[in-house]
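Structure assessment
Listed here are the chains, written in short residue letters.
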Amino acid sequence: MSTQNRREFLRTVAVGSMAVGGAVALAGCELGSFGFEHGVASGDPLAHRVVIWTRVTADEAMQEIWKKLEAEAAGSLQARQRWLESRSVPVAWEVARDSAFAQVVARGAVPARPDADFTVKVDVTGLRPGTTYYYRFNCLGAISPVGRTRTLPHGTVEQVRLAVVSCSNYPAGFFNVYARIAERDDLDAVVHLGDYLYEYAAGGYASEQAAALGRVVDPAGETLSLADYRARHAQYRRDPDAQAMHAALPMIAVWDDHEIANDAWKDGAENHSDATEGSWVARRAAAIRAYHEWMPTRLPDPARPERIFRSFDFGNLVSLHMLDTRLIGRDRQLALTDFVGPAGFDAAGFAAAIGNPARQLLGAEQTAWLQTQMSRSQAKWQFLGQQVLMGRMNVPLPLLQGTPVSVYAAAAAKAQAGLPLTAQEAALLAQPSLPYNLDAWDGYAVARETVLGFARSLDRNLVVLAGDTHNAWANDLADASGVNIGVEFATPSVTSPGFETIFPDEDPLAFAGALQQLIGPLVYADTSRRGYLEVEARHEQVQARWIYVDTVVARSSGATVGRSLRTLPGAGGRRIVEV
Ligand SMILES: [Fe+2]
């Protein structure tokens, strides 16, 4: 950094401290200081703006000063005001075209405030489209790591390349996936489809190796309060691989269930009890508040932090519509067990429940918004960035009741080859197939048909991105009449365990092969590896590549491309084809 630039940056800090009334804080700063232990991040890029983020951390000396001031504050209103003001810390920021900050294009100052957990977010405006920028923060002389970000391209765009991730579970392993993404300099953005963090207590889900890996969660209990969610976010953001990825690329993120509680829906969650854990409304509000404090999101409507559905236009090539299938409109999930009575499975009752046109996944407001966004967009491809699988995953009932996949698949193969079946095999094959994951779009068939109907009536090329399952999938998406509407590419998890832990005796390759044989629209599955999905859009095709890391239980740089598939535009395309 040139001397002139450093002086300029420090001058901004001085102006900033006055602007935020931080003079009292400055008086104490000769004894304490600040740092940036949670790194930097950027997100929600548009053609002319991007959100930059950091968090200020006070050192022990500074915390001692605050404690003393707080003790004094008990005495008078004036002292209390002084204490509150002292805790507001001035932070300067600057954005440049180069990593040495010789060409600064924007700068300013904002307070890091205790009521935002000392997180700082700036929506930087006036930027150029499709341009790489560097940014950093300065708190009273302490300078943050440098972040790199990129605005969205506009106009005629030839190529967009995204990394898509989901289900980054701290106690389950190391974020090697994030480290691999951070190394890349050929991506426009990283899209996080949710389960950015998990709410469970230490020793909960996927924590078997957490102690051995040094990744036991903080706080130790399940996250319920604002302080809990803040502390959990803080732990995830102390992870060096998370910091590296955030510093390297802008993120476009939506939450899934675990940012709040498992299998959430609009009025509750499987992992929430009003009786023992307090009000759902309060818990949800705390989780949402902490999420926006800690994630580099831009609120479409600041008065409604629960609204996260929003669109990103990459010129004339891609419109990415980020959805909330979780909190804003979802009716409660159905359960197959609700339809099992003394007479067996009530297929008619189940079909009626699934086909109930009143059941919502997006909710009426978001559904109408999506239709408007898709009809307005002039882009070649309509991407939906959302949480749960949209593909039809009807699985033979015997598999749901415990028959090994290999046994069922062998019987099905015999039948297909015209070989004689035993009575037992015939009985197996006579059972119906049912959607097994009723938390996914399969449990909301009418809502799925509505979205596919938009794409069909508007003649759009639909690419659905999904997470949630921890496994990799590629599905053809057809409507109920069998017309190809689009495709779905689903990312495996960053660390959360997949089917290999539910079916430990199945050979992963054979298991995936059997699923592809038994589930019509399923073109590709990987049920045992962690990784991410790279999606590259061009006017003539969209190509998906699944990239897997070799382990999550050690820091490792191993990564391999597992599979590449693509889809073509137009009525003759809109299905998955080999590369
Ligand atoms: Fe997950």
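Residues numbered from 1 in each chain as written. Predicted model: local features only at pLDDT ≥ 70, side-chain atom pairs only at ≥ 80, totals over all residues. Heavy atoms only, no water.

Let's shift gears to the overall build of the protein chain. Helix and strand counts for the protein chain come out as 18 helices and 30 strands. With respect to the principal axes defined by its C-alpha atoms, the protein chain has extents near 90 × 55 × 45 Å. Within the protein chain, contacts between residues separated by at least 24 positions form 72% of all contacts whose residues are at least 6 apart in sequence. Here the protein chain has roughly 22400 Å² of accessible surface; of this, 53% comes from carbon and sulfur atoms. Placing the 54 positive and 64 negative side-chain charges of the protein chain at their respective mean positions leaves the two points 7 Å apart. (Helix = DSSP H or I, 4+ residues; strand = E, 2+ residues; numbered from the N terminus. Contact = heavy atoms within 4.5 Å. Areas by Shrake-Rupley, 256 points an atom, 1.4 Å probe, with all protein chains shown as cover. Lys, Arg positive; Asp, Glu negative; His and termini not counted. Charge placed at Lys NZ, Arg CZ, Asp CG, Glu CD.)

Buried residues of helix 4 (residues 77–86): A79, W83 and S86, and no others. The buried residues of helix 4 occupy one face: seen down the axis, they fall within an arc of 65 degrees. Along helix 4, exposed side chains directed more than 90 degrees from the buried face belong to L77 and Q78. (Buried < 20%, exposed > 50% of the residue type's maximum accessible area, 1.4 Å probe, protein only. Arc of directions from axis to C-beta.)

Tetrahedral coordination by four donors puts the ideal angle at the metal at 109.5 degrees, and octahedral coordination by six puts it at 90 or 180 degrees. Every protein donor of the iron ion is listed here as C167 (SG), D195 (OD), Y198 (OH) and H470 (NE2), and their distances to the metal cover 2.1 to 2.5 Å. For the iron ion, the four donor atoms in the first shell make angles of 87 to 167 degrees at the metal, a pattern classed as irregular. The sequence pattern describing where the donors of the iron ion fall on their chain is C-x27-D-x2-Y-x271-H. Here H470 lies in the loop between strand 23 (461–466) and strand 24 (472–478) and D195 lies in the loop between strand 12 (189–192) and helix 6 (210–213), a separation of 275 residues in the sequence. The exposure class assigned to H470 is buried, which follows from its relative accessible area of 8%. (Donors = N, O, S within 2.8 Å, 3.2 Å for Na, K, Ca; no water. Tetrahedral: all angles 85-135°; square planar, octahedral: opposite > 155°, others 65-115°.)

Right, let's get into the confidence of the model for the protein chain. In the predicted model, the protein chain carries a mean pLDDT of 93, and the fraction of residues at 70 or more is 95%. Per-residue pLDDT stays below 50 along residues 12–29; that stretch engages in 29 contacts with residues further than four places along the chain or on separate chains. (pLDDT = per-residue confidence, 0-100.)

Let's shift gears to the pattern of salt bridges. A full pass over the atoms with the stated rule returns 38 salt bridges. A salt bridge links E222 to R283, with the shortest nitrogen-to-oxygen separation between them at 2.8 Å. One end of the pair, E222, is in the loop between helix 6 and helix 7 (226–238); the other, R283, is in helix 10 (residues 280–294), and 61 residues separate them in sequence. R283 shares its class with E222; the two are buried. For E365, the salt bridge identified is with R304, shortest N-O distance 2.9 Å. Of this pair, E365 sits in helix 12 (residues 364–376) while R304 sits in the loop between helix 10 and strand 16 (310–314), and the two are 61 residues apart along the sequence. Overall, E365 belongs to the partly exposed group, its relative accessible area being 40%. By sharing partners, the salt bridges in this structure join R161, R184, D186, E534, E536, R538 and R545 into a single network. (Salt bridge = Lys/Arg side-chain N within 4 Å of Asp/Glu carboxyl O.)

Pairing is mixed across the open sheet formed by ten strands, whose spatial order is 7-3-2-13-12-11-27-28-29-30. Lying at the two open borders of the sheet, with one neighbouring strand each, are strand 7 (119–124) and strand 30 (576–578). Each strand of the sheet is rotated relative to its neighbour by a mean of 30 degrees, with strand direction disregarded. Note that strand 11 (residues 160–165) and strand 27 (residues 531–537) share five bridges and pair antiparallel. Bridge assignment links L162 to a residue of strand 27, and that residue is V535. The sheet contacts of helix 8 (residues 240–248) involve strand 2 (40–43), strand 12 and strand 13 (250–253), and relative to strand 2 the element is tilted by about 50 degrees. (Pairing = 2+ DSSP bridges. Axes fitted to C-alpha atoms, helices over the stretch in contact; angles between N-to-C directions.)

All right, on to the pairing of strand 24 then. The buried fraction of strand 24 is high, at six of seven residues. Relative to strand 26 (residues 522–526), strand 24 runs antiparallel, the two being bridged by four bridges. Among the inter-strand pairings, W473 is bridged to a residue of strand 26, identified as A525. Bridge count between strand 24 and strand 25 (residues 484–490): six bridges; the pairing is antiparallel. Within strand 25, the position partnered with N475 by the bridge is E488. Hairpin connection, strand 24 to strand 25: the antiparallel pair is bridged by five residues, and G482 has positive phi, about 95 degrees.

Glancing now at the environment of S166. Note on placement: S166 falls in the loop between strand 11 and helix 5 (176–182). Take S166: its relative accessible area is 0%, and that puts it in the buried class. Along the backbone, S166 and T156 are ten residues apart, and their C-alpha atoms lie at a distance of 30 Å. The residues touching S166, leaving out its near neighbours within four places in the chain, are H192, L193, G194, G467, D468, T491, P492, S493 and V494.

Let us now look at the packing of aromatic side chains. The tally for this structure, following the rule as stated, stands at 21 aromatic pairs. Summarising the aromatic geometry, the rings of F175 and Y236 are spaced 6.1 Å apart at their centres and angled 40 degrees between planes, so their arrangement reads as tilted. With a gap of 61 residues between them, F175 in the loop between strand 11 and helix 5 and Y236 in helix 7 connect regions that are remote in the sequence. F175 gets classed as buried once you look at its relative accessible area, which sits at 1%. Classification of Y236 as buried rests on a relative accessible area of 1%. Summarising the aromatic geometry, the rings of F345 and F350 are spaced 5.6 Å apart at their centres and angled 55 degrees between planes, so their arrangement reads as tilted. We classify F350 as buried; its relative accessible area is 5%. Above the plane of the ring of Y444 lies R359, whose end atom (NZ or CZ) is 4.3 Å from the centre. (Phe/Tyr/Trp six-rings, centres within 6.5 Å; stacked < 30°, edge-to-face > 60°. Lys NZ or Arg CZ within 6 Å of the ring centre and 35° of its normal.)

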